[in-house]
Amino acid sequence: MNYQEGRVSDVQIAYIGGGSRGWAWTFMTDLALEPSMSGTIRLYDIDEEAAKANEVIGNRVSAREEAVGKWEYKTCGTMKEALEGADFIVISILPGTFDEMDVDVHMPERLGIWQSVGDTAGPGGIMRALRTIPMFVTIAEAVKEYAPKAWVINYTNPMTLCVKTLYKVFPEIKAFGCCHEVFGTQKVLKGILEETYGLTGVERQDIHVNVLGINHFTWFDYASYKGIDLFPVYRDYIDKHFEEGYDEPDKNWANASFACSHRVKFDLFRRYGLIAAAGDRHLAEFMPGNEYLNDPETVTGWKFGLTTVDWRKQDLQNRLAKSHKLLAGEEEVDLKPTGEEGIQLIKALCGLTRMVSNVNIPNTNQQITNLPADAVVETNAVFERDAIRPLIAGSLPEDVKKLIMPHVEIHEDTLEAALTCDKELVVKAFMKDPNVVGKKCSEADVRSLVEDMIQGTMKYLPEGWK
């Protein structure tokens, strides 16, 4: 990297999963809108043709007059070529296909186990992790060999286990996970604040919060805006609007798969006194399966959606069609701020600014004082030149800790199961999962489900499983 006053050039970013039809365009947009950085994006993907398509699309974006950040996109044929000399490594991959995800999400329904996302918690999250962890072992080994001093930014789910794997394989790695779920809850607080006080133009970043928990099961025990304690504001709003929930003004929930009126958040606040800081679809999966996900009718009553894999498959077809249009020059990437912070974090790590954001890293500094040091947790951290300094979030209330600890233990079992190809540890993880426990499934039924789900994802599992 080359530094000049107020800007940095020749930044080398390796993008693993660079053939993405979706998030890659978000990444391109934010890079194009940031004037203080420029450099090269090295696109690596097992689908090299998809990476080559994004090379054309990215260079076309960078050539536009309104693109103030100038980047050269180039496809790399090997991970070594992508990583050597990289300053930053971004990981955004789909482990397997949506056919495997169909097994993750829908096969457990035969036991009455419903999942609203299926990529983080529950049987779906565990099975997805079995596919993902070996991939991240390979990535961590490559980082250790080719770019040990690079910053590694993960966007892939299951976030916690992806980050945990990177540190297991290469303890000195400089890796962290980014997730925008916290931003969504800040926006809910912003909307409630504006409605309550008749304010306009409140910035999401000015809603100051203390973040503590694990990815997709995060909580705020502090929320403030310019001297206003937002907890009483939130409590009063819930008392008045619990039944209908909160509908975000800038969201279109016409697609029932992503519906969310934040009623699960509201209920968790009434029960535990903290603000649950993820989307209802994720939060519900961490709770016992006889509560918010008891059956589709219960889900409808809580006003959130079950994201079906059929919908994801159709959405992929739509994105493939968009990719063809972008590649042909029939459509352009919309250059508007995306609300993501990844590029701003890279900017801070380059030393051009300093900022606080939520981050997923090991609890080594006891950011959450009453969770294990080897758990991967989500808290705030300060980002500055070549450093991430996690902030001490404090302790979780005991009743909230009791909700989180089964998942911390499941992460340990799942990681070990993936590394050793141990089916018994998968069964053990399933039997601990609150979604399974809440349905009072017998061990025999769980064993049968585990066996069938492993067979359904076998194509993407190591030889040891066969």
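Just above, that's the structure.
Just so it is clear, the structure is predicted and the values come from calculations on it, not from any experiment.

**Points about unusual backbone geometry**
Next, step 1: With omega at 5 degrees, the peptide bond leading from asparagine 157 into proline 158 counts as cis.
Next, step 2: With a phi close to 55 degrees, glutamine 366 is a non-glycine residue in the positive phi region.
Next, step 3: Along the polypeptide, glutamine 366 turns up in the loop between β12 (355-362) and β13 (376-384).
Next, step 4: At lysine 440, a residue that is not glycine, the phi angle is positive and equals roughly 55 degrees.
Next, step 5: Note on placement: lysine 440 falls in the loop between α16 (434-437) and α17 (443-456).

**Re the nonpolar core**
Next, step 1: Grouped together as the largest cluster of nonpolar side chains are 55 residues, with contacts concentrated most on Leu189, Phe217, Trp219, Leu268 and Ile404.
Next, step 2: Looking at this core, the elements with two or more residues in it are α7 (181-197), β8 (208-214), β9 (217-225), α8 (230-241), α9 (263-272), β11 (275-276), α10 (280-286) and α14 (398-420).
Next, step 3: The element best represented in this core is α8, accounting for six residues.
Next, step 4: Beyond its immediate chain neighbours, meaning those up to four positions away, leucine 268 contacts Trp219, Gly273, Leu274, Ala276, Leu283, Met287 and Tyr292.
Next, step 5: Core analysis: the second largest hydrophobic core is formed by 42 residues, Ala24, Met28, Ala67 and Phe176 among them.

**Quick notes on the side chain of asparagine 54**
Next, step 1: Examined against the element boundaries, asparagine 54 turns out to sit in helix α2 (residues 48-63).
Next, step 2: In contact with asparagine 54, not counting residues within four places along its chain, are Gly18, Gly19, Ser20, Ala24, Trp25, Met28 and Leu43.

**Topic: the packing of helix α15 (residues 423-432) against α17**
Next, step 1: As a packed pair, α15 and α17 sit with axes 10 Å apart at the nearest point and diverge in direction by 125 degrees. It follows from the interaxial angle that α15 and α17 lie oblique. Crossing handedness for the pair α15 and α17: right-handed. Packed against α15, whose contacting residues are Lys423, Glu424, Val426, Val427, Phe430 and Met431, the element α17 presents Glu443, Val446, Arg447, Leu449, Val450, Glu451, Met453 and Ile454 at the interface.

**Considerations on the packing of α8 against α9**
Next, step 1: Between α8 and α9, the least distance of the axes is 11 Å, while the angle of their chain directions is 115 degrees. In this view, α8 runs roughly perpendicular relative to α9, as classed from their interaxial angle. When you trace α8 past α9, the crossing you get is left-handed. Contact with α8, carried on its side by Phe231, Tyr234, Arg235, Tyr237, Ile238, Asp239 and His241, involves Lys265, Phe266, Phe269 and Arg270 of α9 and no other residues of that element.
Next, step 2: Residues of the contact of α8 with α9, tallied by class, amount to six nonpolar, one polar and four charged.

Parameters at a glance
Residues numbered from 1 in each chain as written. Predicted model: local features only at pLDDT ≥ 70, side-chain atom pairs only at ≥ 80, totals over all residues. Heavy atoms only, no water. Helix = DSSP H or I, 4+ residues; strand = E, 2+ residues; numbered from the N terminus. Core = buried A, V, L, I, M, F, W, Y, C linked by side-chain atoms within 4.5 Å. Buried < 20%, exposed > 50% of the residue type's maximum accessible area, 1.4 Å probe, protein only. Contact = heavy atoms within 4.5 Å. Axes fitted to C-alpha atoms, helices over the stretch in contact; angles between N-to-C directions. Parallel < 35°, antiparallel > 145°, perpendicular 65-115°, else oblique. Left-handed = near helix turned anticlockwise from the far one by under 90°. Nonpolar A, V, L, I, M, F, W, Y, C, P; charged D, E, K, R; others polar.

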